[in-house]
Amino acid sequence: MIVQLLLALVPIALLIALGWWLRQRAFLAEHFWPQAERLGYYVLLPALFLHGMATARLDGVPVAAMVATLIVSLLAVAALLVAVRRRLPVDDAAFTSIFQGGVRFNNYVGASIAVGLFGNQGIALAAVATATIVPTVNILCVLVFARYGNIKALSATHLLRHLFTNPLVAGCFIGILLYATGLGLPDGLGPAFKALGQASLPLGLLCVGAALDFSTLRSWLRPVGISSVAKFIALPLATLAACRLFGLQGPAAIAALMFQALPTASSSYIMARQLGGDAPLMAGIIATQTVLAALALPLAVMAALALA
């Protein structure tokens with residue numbers, strides 16, 4: 001089980017390293033990277049979320065308890081981060097990256113680990129976690145960007161419009177609607193959306209690696225540390241408390257805790273770049289958390305096993 005966790009992190013680290021190397025060697029034209037980020041944010045990632053939720057299989061999963069556990073723990077940590085904002089020695093753009101690093105998750109890693117641990121049941125557990133966390137964190141992050149990013153001047157009406165036209169949020173809700181109505185994806189469209197979604201992981205991670213600038217490493221230490229404490233300590237503890245509160249046990253509890261202890265998603269970088277966050281810092285948080293997850297994930301799963 002622990003070996004499977006560690007092996008799932010290896011390709012992520014390798015793709016980030018490859019992106020950094022390609023940028024350093026100027027293998028691709030400089031203007032390629034912003035265009036790749038735009039493609040990922042507006043096309044590939046929405047396709048991933050839409051397909052994943054429209055094709056979910058939830059038989060035998062304690063959906064209500066798992067959803068409540070995930071949402072309550074996320075809201076608790078999000079509220080904590082916003083509450084301590086004034087005490088953090090960072091600017092607004094850097095705070096948006098800290099916030100994203102504290103609440104977002106890498107669903108590719110989570111899905112592969114869940115399937116490795118629980119087989120077919122893991123697919124259903126991963127679907128519930130993804131369908132719950134993705135819309136929740138995207139809404140929370142858009143709200144934070146509205147307050148601290150470059151969309152802070154929006155009125156309430158414009159904020160709502162921006163929120164529900166955000167491509168990531170829209171992809172989530174369209175996928176949920178297709179699943180809830182039983183319509184699903186037509187045979188011709190399903191494979192196309194699946195292929196687009198699969199392309200988002202390698203491209204996103206290459207962009208993360210390309211954005212790394214180690215000359216600013218010293219200035220990253222504190223914000224990276226704050227974000228990682230929120231992600232790997234505060235969020236798993238909040239999830240454990242929520243599991244007890246809602247009576248979530250067994251594989252569903254293990255999956256919930258595991259998903260909340262995942263490193264932050266590569267989509268965090270793309271969102272930071274598009275909405276006025278600190279993108280280089282976000283890249284540093286993603287890279288650092290990918291390494292830290294090698295320790296945090298096994299500990300989280302062992303804690304869940306002890307309490308299951």
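Residues numbered from 1 in each chain as written. Predicted model: local features only at pLDDT ≥ 70, side-chain atom pairs only at ≥ 80, totals over all residues. Heavy atoms only, no water.

Under an unreviewed UniProt entry, the name given to the protein is Transporter, and the organism recorded is Kerstersia gyiorum. The UniProt entry for the protein carries this comment under Sequence similarities (unreviewed entry): "Belongs to the auxin efflux carrier (TC 2.A.69) family." Under the UniProt heading Subcellular location (unreviewed entry), the note attached to the protein is "Cell membrane". (UniProt positions renumbered as here; feature names shortened; annotations may be inferred.)

> Describe the packing of helix α2 (residues 32–54) against helix α8 (residues 167–180), listing the residues and the values that go with them.
Think of two packed helices as two axes; the pair is described by the angle between the axes and how far apart they sit. Running from N to C, α2 and α8 cross one another at 25°; their axes reach a closest spacing of 7 Å. Taken together, α2 and α8 sit at an angle that is classed as roughly parallel. In this structure, α2 crosses over α8, and the sense of that crossing is right-handed. Here Y41, Y42, L45, P46, F49, L50, M53 and A54 of α2 lie close against α8, whose contacting residues are P167, L168, G171, C172, I174, G175, I176, L178 and Y179. (Axes fitted to C-alpha atoms, helices over the stretch in contact; angles between N-to-C directions. Helix = DSSP H or I, 4+ residues; strand = E, 2+ residues; numbered from the N terminus. Parallel < 35°, antiparallel > 145°, perpendicular 65-115°, else oblique. Left-handed = near helix turned anticlockwise from the far one by under 90°. Contact = heavy atoms within 4.5 Å.)

> Provide a residue-level description of the packing of helix α9 (residues 189–211) against helix α12 (residues 267–275), including the pertinent values.
In contact at an axis separation of 8 Å, α9 and α12 are set at 65° when each is read in the N-to-C sense. For the pair α9 and α12, the crossing hand works out as left-handed. On α12, the residues that touch G204, C207, V208 and A211 of α9 are Y269, I270 and R273. In the contact of α9 with α12, the residues fall into five nonpolar, one polar and one charged. (Nonpolar A, V, L, I, M, F, W, Y, C, P; charged D, E, K, R; others polar.)

> Hey, could you go over unusual backbone geometry for me, with residue numbers and the actual values?
Of note, A26 is a non-glycine position whose phi angle comes to about 55°, a positive value. Mapped onto the secondary structure, A26 falls in the loop between α1 (2–24) and α2. Assessed through its relative accessible area of 56%, A26 is described here as exposed. (Buried < 20%, exposed > 50% of the residue type's maximum accessible area, 1.4 Å probe, protein only.)

> Report on the nonpolar core, specifying residues and quantitative values.
Membership of the largest hydrophobic core comes to 94 residues, with the highest contact counts inside it found for M66, F99, F259 and Y269. With 14 residues, the top contributor of residues to this core is helix α6 (residues 120–148). Residues within four places of F99 in sequence aside, it is in contact with A78, L81, V82, L140, C141 and V144. (Core = buried A, V, L, I, M, F, W, Y, C linked by side-chain atoms within 4.5 Å.)

> Go over the pattern of salt bridges, please, and point to the residues and values.
For the structure on display, the rule yields three salt bridges. Where R23 meets E30, a salt bridge forms, and the shortest distance between an N and an O atom there is 2.2 Å. By relative accessible area, R23 is classed as partly exposed at 26%. The partner of R273 in a salt bridge is E37, and the shortest N-O contact between them spans 3.2 Å. In this pair, R273 is assigned in helix α12 and E37 in helix α2, connecting sequence segments 236 residues apart. (Salt bridge = Lys/Arg side-chain N within 4 Å of Asp/Glu carboxyl O.)

> I'd like a rundown of a nonpolar patch on the surface, residues and numbers included.
On the surface, V3, L7, V10 and L14 cluster together into a nonpolar patch covering about 390 Å² of accessible area. The topology assignment puts L14 in helix α1. Judged by relative accessible area, which is 56%, L14 ranks as exposed. (Patch = residues over 30% accessible without salt bridge, like charges linked within 9 Å, V, L, I, M, F, W, Y side chains within 5 Å. Areas by Shrake-Rupley, 256 points an atom, 1.4 Å probe, with all protein chains shown as cover.)

> If you had to explain the packing of aromatic side chains to someone new, which residues and values would you point to?
For the structure shown, the criterion picks out five aromatic pairs. On the numbers, 6.3 Å between centres and 50° between planes, the contact of F95 with F99 is tilted. One end of the pair, F95, and the other, F99, are both in helix α4 (residues 92–103), four residues apart, so they sit about a helical turn from each other. In this pair, the class of F95 matches that of F99, namely buried. (Phe/Tyr/Trp six-rings, centres within 6.5 Å; stacked < 30°, edge-to-face > 60°.)

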